[in-house]
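Read off the chains here:
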Amino acid sequence: MNFSKRTHTCGELNIKNENEEVTLNGWVSKKRDLGGLLFIDLRDRYGITQLKVIPENKDIYDTALKLGQEYVISASGKVLKRESINKNIPTGEIEIELTAIEILNESEVPPFVIEDDVKATDELRLKYRYLDLRRKSLTENFIIRNQAYQIVHKYFEKHNFIEVETPMLMKSTPEGARDYLVPSRVHNGKFYALPQSPQIYKQILMVSGFDRYVQICKCFRDEDLRADRQPEFTQIDLEMSFVGQDDVFEIVEGMFNEIWKEIKGIDLPDKFIRMSYDAAMSSYGTDKPDLRISGDMKIVNLTETVKGSEFKVFNDALESGGIVAGIKLSSKEVSRKIIDGLTDFVKKSGFGGLGYLKFNADGTVQSPVVKFLNENIIENIRKDFSAESSDTVFILSGEKMKVFQTLGQLRLKLAEDFGLTDKSKYEFVWVIDFPLFRYEADDKRFYAEHHVFTMPKDEYLEFLDSKDINEIESIRANCYDLVLNGHEVISGSIRIHKPEIQKKVFGIIGLSDEEAKMKFGFILEAFRYGAPPHGGAAVGFDRIIAILCGLNSITDTIAFPKTLKASSLMDECPSEVSKEQLDELGIEIKQKK
RNA sequence: GGAGUCGUAGUUCAGUUGGUUAGAACGCCUGACUGUCACUCAGGAGGUCGCGAGUUCGAGUCUCGUCGAUUCCGCCA
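Novice: Please clarify how the overall build of chain A should be interpreted in this entry.
Specialist: A count of helices and strands for chain A gives 16 helices and 22 strands. Evaluated residue by residue, chain A yields a buried proportion of 48% over its 593 residues. Counting only contacts in chain A whose residues sit at least 6 apart along the sequence, the fraction spanning at least 24 positions is 67%. Entry remark: accessible area of chain A is about 30,700 Å², with carbon and sulfur atoms responsible for 49%. Taking the average location of the 80 positive side-chain charges in chain A and that of its 96 negative ones, the two points are 2 Å from each other.

Right under this line is the structure:
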């Protein structure tokens, strides 16, 4: 098909191009028909340019009158200075007076109007994703995403990393997330798995001597979804040989510095602050603390302070080995209604109620528990929190981790309700020294907290031989997360490269030699041939982009995302397949009850 | 697997205590209009109230089930 090809995009013409003869190609975004004069806003991904048609050019005028929304056209004409300037768009000083117009394609009336502030529901937007993607605000996310790809590739190339593609069809491995399975036609009854991450391959590449590996890759996890979890997502996966934790941190910190510098024009600190897992849990009640909250609002352990009080709830908690702890809300008016709301909130986590102390301006303390606490204790609580007038301290008592976690959730809720989070900040923090194992009382067994190849810290190696649950739980690992604004954006570890340590770890999670050999035999065998000390990390790329774009969900950082039930509304997948396809695979569908 | 919210015109929503012909805005169609840029003005078309049962003389409205979207917990690095 012959048509007049564009000489410019719809975003670049300005007053400097005055009197030039140009051709634009794009979509009809808006038509304003004044009866004689006719204006058309022509859109492409670069911007919008106003076209002007006058009735004197009868053929062009008649064609232009027929244009509907989202028609694709080629428009030629002369760049003129506008009589009235539109300051809202970069091309607002000029317009094109048309000398030729071609309709390249018509469009049906779109199911929703394509404009920046979209009104359609998620469902409709996903069904017509190609239309949604025409919106500037959405297109911009992908421009940022593309910038990030380029920066990342350049950065790792500069630091001597080799980008290697690893298989998408791999062996299903136990532990961790549920695999997406792919049936094998050639091997009847056998399955491949889509990678949850290229973990094993990248470690084997270290054995191969690749030394520094990176890959921007897709990963798949068949688990229930959230706003920040899609069934398929993208990681920047990296691994390095002959390194310790600090070396990995340095590379990652450098990468974030370049991304933020180039995309946001922001200088991040050279080094990100570090916090132990234990400190994160006891101060923020979570392993992903959001450090943007004004006043920090750390959890304070009041267990010692309230010892000897008359308050049965506290004493019961302490007697059963629990704790009493609280957080402070600074200088906010806290009404009865707010307290009731917060009480309901903690009740959902299984607490009987929420204690509080309101330090009034007149020096009095308002609290339902004040009659059980003597003046000394109240004064000490005030000191523990450095509480001043019009501050409120919220207190919970019970099992230690539960108290910390619920106070952590309360902290986030208070920050949200009272607008205490500085949304303009980017607060990075390394959370380090994670536990190696997690004990599940239900199954009476240990699970690897990160993954089974994580190296214990040297000082805990002896506990690998322990039979004591507490000792084993106390083992800390060379394992780290990078948290940004309360989101986990990186997870990584230094790996086990010694077969004897690996064997002990398998032992603790209850994997026998035979099972280990069956499931991980190939990597264990590889490790017998001189595995270098190595470690790495995986960056949640979609989450980074979401944060860079100021989005709460990763959905709009992904061109064709899936819903929370893992379907794609546009192409209607997953879908049934023919009996022939199933027969070839030797698969029969059993109705799930 | 569990809890919450939502589902009414092409779209976003309103719809009183269960009661006559289910409304508005935007979009769409027709007409008028030569400096608009959310053009304006006049007129018009457009409804399986997600789907299925039930209660009732009568259901958009109440009950149960179901499907879909979404948020959170469990799950997941």
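Novice: Got a minute to help me understand the protein's contact with RNA strand B in this structure?
Specialist: Inspection of the region around RNA strand B gives 45 residues, with Asp-33, Lys-52, Arg-221, Glu-223 and Asp-224 positioned closest. Among the atoms of RNA strand B lying within 4 Å of the protein, the sugar-phosphate backbone contributes 50%. Here a sugar or linking oxygen of RNA strand B and a backbone polar atom of Leu-37 are 3.3 Å apart. A distance of 3.1 Å separates a base nitrogen of RNA strand B from a polar side-chain atom of His-450. For the surface near RNA strand B, the class distribution of residues is 12 nonpolar, 14 polar and 19 charged.

Novice: How should the nonpolar core be read in this particular structure?
Specialist: Side chains that are nonpolar tend, in soluble globular proteins, to be buried together. Counting residues in each nonpolar core, the largest one holds 79 residues, and the members touching the most others are Phe-156, Phe-256, Trp-260 and Phe-437. With 9 residues, helix H6 (residues 245-264) is the single largest residue contributor to this core. Non-local contacts of Phe-156, meaning those with residues more than four positions away in its chain, are made with Phe-161, Val-214, Ile-236, Leu-238, Ile-251 and Met-255. Of all hydrophobic cores here, the second largest spans 24 residues; its members include Ile-323, Phe-351, Val-403 and Phe-418.

Novice: Explain the sheet that holds strand E4 (residues 72-81) to me, please; I cannot follow it from the model alone.
Specialist: Adjacent strands of a sheet form backbone hydrogen bonds with each other and so pair up, either parallel or antiparallel. Ordered by their spatial adjacency, 5 strands build a closed barrel running E1-E2-E3-E5-E4, and the pairing between neighbours is mixed. Within this sheet the neighbouring strands show an average axis-to-axis angle of 55°, counted without direction. As paired strands, strand E3 (residues 47-53) and strand E5 (residues 94-105) are joined by 2 bridges and run parallel to one another. By the bridge assignment for E5, Leu-51 is matched with Ile-96. The strands touched by helix H1 (residues 58-65) within the sheet are strand E1 (21-33), strand E2 (38-44), E3 and E5, with E5 carrying the most contacts at an inclination of about 65°.

Novice: Which parts of the structure should I look at to understand the packing of aromatic side chains?
Specialist: Given two aromatic rings, one states the distance between the centres and the angle between the planes to describe the pair. All chains considered together, the criterion is met by 21 aromatic pairs. Arranged with centres 6.3 Å apart and planes meeting at 85°, the rings of Tyr-128 and Tyr-130 form a pair that is edge-to-face. With a relative accessible area of 22%, Tyr-128 lands in the partly exposed category. Where Phe-311 meets Phe-314, the ring centres are 4.7 Å apart and the plane angle is 75°; that geometry is what we call edge-to-face. Given the relative accessible area of 13%, Phe-311 is considered buried. On the basis of relative accessible area, Phe-314 is assigned to the buried category, the value being 3%. Ring pairs connect the aromatic residues Phe-256, Trp-260, Phe-272, Tyr-426 and Phe-428, which therefore count as one cluster. Over the face of the ring belonging to Phe-345 we find Lys-413, whose NZ or CZ atom lies 5.5 Å from the ring centre. Across the ring face of Tyr-447, the terminal group of Arg-445 is positioned such that the distance to the ring centre comes to 3.8 Å.

Novice: Sorry if this is basic, but what is going on with unusual backbone geometry here?
Specialist: With glycine set apart, most residues show a phi of negative sign, and most peptide bonds adopt trans. Residue Cys-573 is joined to Pro-574 through a cis peptide bond whose omega torsion reads 5°. If you trace the backbone, Pro-574 turns up in the loop between helix H15 (541-549) and helix H16 (579-585). Backbone geometry places Asp-211, a non-glycine residue, at a positive phi of 75°. Locating Asp-211 in the fold gives a position in the loop between helix H5 (199-207) and strand E9 (212-220).

Novice: It is not clear to me how the pattern of salt bridges should be interpreted in this structure. Could you clarify?
Specialist: Working definition: two side chains of opposite charge can pair if their charged atoms are close together. Taken as a whole, this structure holds 42 salt bridges when the rule is applied. With a closest N to O distance of 2.6 Å, Asp-132 and Arg-135 form a salt bridge. Summarising the burial analysis for this pair, Asp-132 and Arg-135 share the class buried. With a shortest N-O distance of 2.7 Å, Arg-438 and Glu-440 are connected by a salt bridge.

Novice: I tried to follow the packing of helix H13 (residues 499-508) against helix H14 (residues 513-526) on my own but got confused; where do I start?
Specialist: Packed helices, taken two at a time, are described by the angle their axes make and the gap between the axes. With their axes 11 Å apart at the nearest point, H13 and H14 run at an angle of 140° to one another. Taken together, the axes of H13 and H14 are oblique relative to one another. In the packing of H13 onto H14, the handedness of the crossing is right-handed. When H13 is examined against H14, the residues Gln-502, Lys-503 and Phe-506 are found in contact with a partner set consisting of Asp-513, Ala-516, Phe-520 and Leu-524. Tallied by class, residues from the contact of H13 with H14 come to 4 nonpolar, 1 polar and 2 charged.

Novice: Help me understand the confidence of the model for chain A in this model?
Specialist: Reading predicted coordinates in detail is not appropriate for stretches of low pLDDT. In this model, chain A carries a mean pLDDT of 93, and residues with pLDDT of at least 70 account for 100%. Predicted confidence in chain A is weakest over helix H9 (residues 336-347), with a mean pLDDT of 84, and strongest over H6, with 98. Under the prediction, the complex receives an ipTM of 0.91, its pTM being 0.93.

Novice: Just to check I follow, could you spell out the side chain of Ser-491 for this structure?
Specialist: The topology assignment puts Ser-491 in strand E21 (residues 487-494). Only 3.4 Å separates the side chain of Ser-491 from the side chain of His-450, close enough to count as a polar contact. If we skip the residues at most four places from it in the chain, Ser-491 touches His-450, Tyr-480, Asp-481, Ala-537 and Ala-538.

Novice: Could you clarify how one ought to interpret the packing of H6 against H15 in this entry?
Specialist: Where H6 contacts H15, the two axes come as close as 12 Å, and the packing angle between them is 35°. The two elements H6 and H15 meet at a crossing, and its hand is right-handed. For the pair H6 and H15, the contacting residues are Phe-256, Ile-259, Trp-260, Ile-263 and Lys-264 in the first and Ile-544, Ile-547 and Leu-548 in the second.

Novice: Just checking my understanding: could you explain the sheet that holds strand E13 (residues 323-329) for this structure?
Specialist: Strand order in this open sheet of 5 strands is E12-E13-E16-E14-E15, and the pairing throughout is antiparallel. Only two strands of the sheet have a single partner each, and these edge strands are strand E12 (300-301) and strand E15 (365-366). Where E13 lies against strand E16 (residues 391-398), 7 bridges are found, and the strand directions are antiparallel. Bridged to Ile-327 within E16 is Phe-394. Against the sheet, helix H8 (residues 312-319) touches E13 and E16, its axis set at about 45° to E16.

Novice: When you look at helix H10 (residues 375-385) in this model, what are you seeing that I'm missing?
Specialist: Note that an α-helix has 3.6 residues per turn; residues three or four places apart therefore point the same way. Where H10 is concerned, the buried positions are Ile-377, Ile-378, Ile-381 and Phe-385. For H10, the arc enclosing every buried residue in end-on projection is 100°, short of the 170-degree limit, so these residues lie on one face. Facing away from the buried side of H10 by over 90 degrees, the exposed positions are Glu-375, Asn-376 and Lys-383. Looking at the buried residues of H10, the elements they touch are E12, E13, strand E14 (355-359), E15 and E16. The backbone nitrogen of Asn-376 lies 3.0 Å from a side-chain oxygen of the residue at the head of H10, namely Asn-374.

Reading the values: rules and limits
- Residues numbered from 1 in each chain as written.
- Chains lettered and ligands numbered in written order.
- Predicted model: local features only at pLDDT ≥ 70, side-chain atom pairs only at ≥ 80, totals over all residues.
- Heavy atoms only, no water.
- Helix = DSSP H or I, 4+ residues; strand = E, 2+ residues; numbered from the N terminus.
- Buried < 20%, exposed > 50% of the residue type's maximum accessible area, 1.4 Å probe, protein only.
- Contact = heavy atoms within 4.5 Å.
- Areas by Shrake-Rupley, 256 points an atom, 1.4 Å probe, with all protein chains shown as cover.
- Lys, Arg positive; Asp, Glu negative; His and termini not counted.
- Charge placed at Lys NZ, Arg CZ, Asp CG, Glu CD.
- Near = heavy atom within 4 Å.
- Polar contact = N/O pair within 3.5 Å; in protein donor to acceptor, adjacent residues only side chain to side chain.
- Nonpolar A, V, L, I, M, F, W, Y, C, P; charged D, E, K, R; others polar.
- Core = buried A, V, L, I, M, F, W, Y, C linked by side-chain atoms within 4.5 Å.
- Pairing = 2+ DSSP bridges.
- Axes fitted to C-alpha atoms, helices over the stretch in contact; angles between N-to-C directions.
- Phe/Tyr/Trp six-rings, centres within 6.5 Å; stacked < 30°, edge-to-face > 60°.
- Lys NZ or Arg CZ within 6 Å of the ring centre and 35° of its normal.
- Salt bridge = Lys/Arg side-chain N within 4 Å of Asp/Glu carboxyl O.
- Parallel < 35°, antiparallel > 145°, perpendicular 65-115°, else oblique.
- Left-handed = near helix turned anticlockwise from the far one by under 90°.
- pLDDT = per-residue confidence, 0-100.
- Arc of directions from axis to C-beta.

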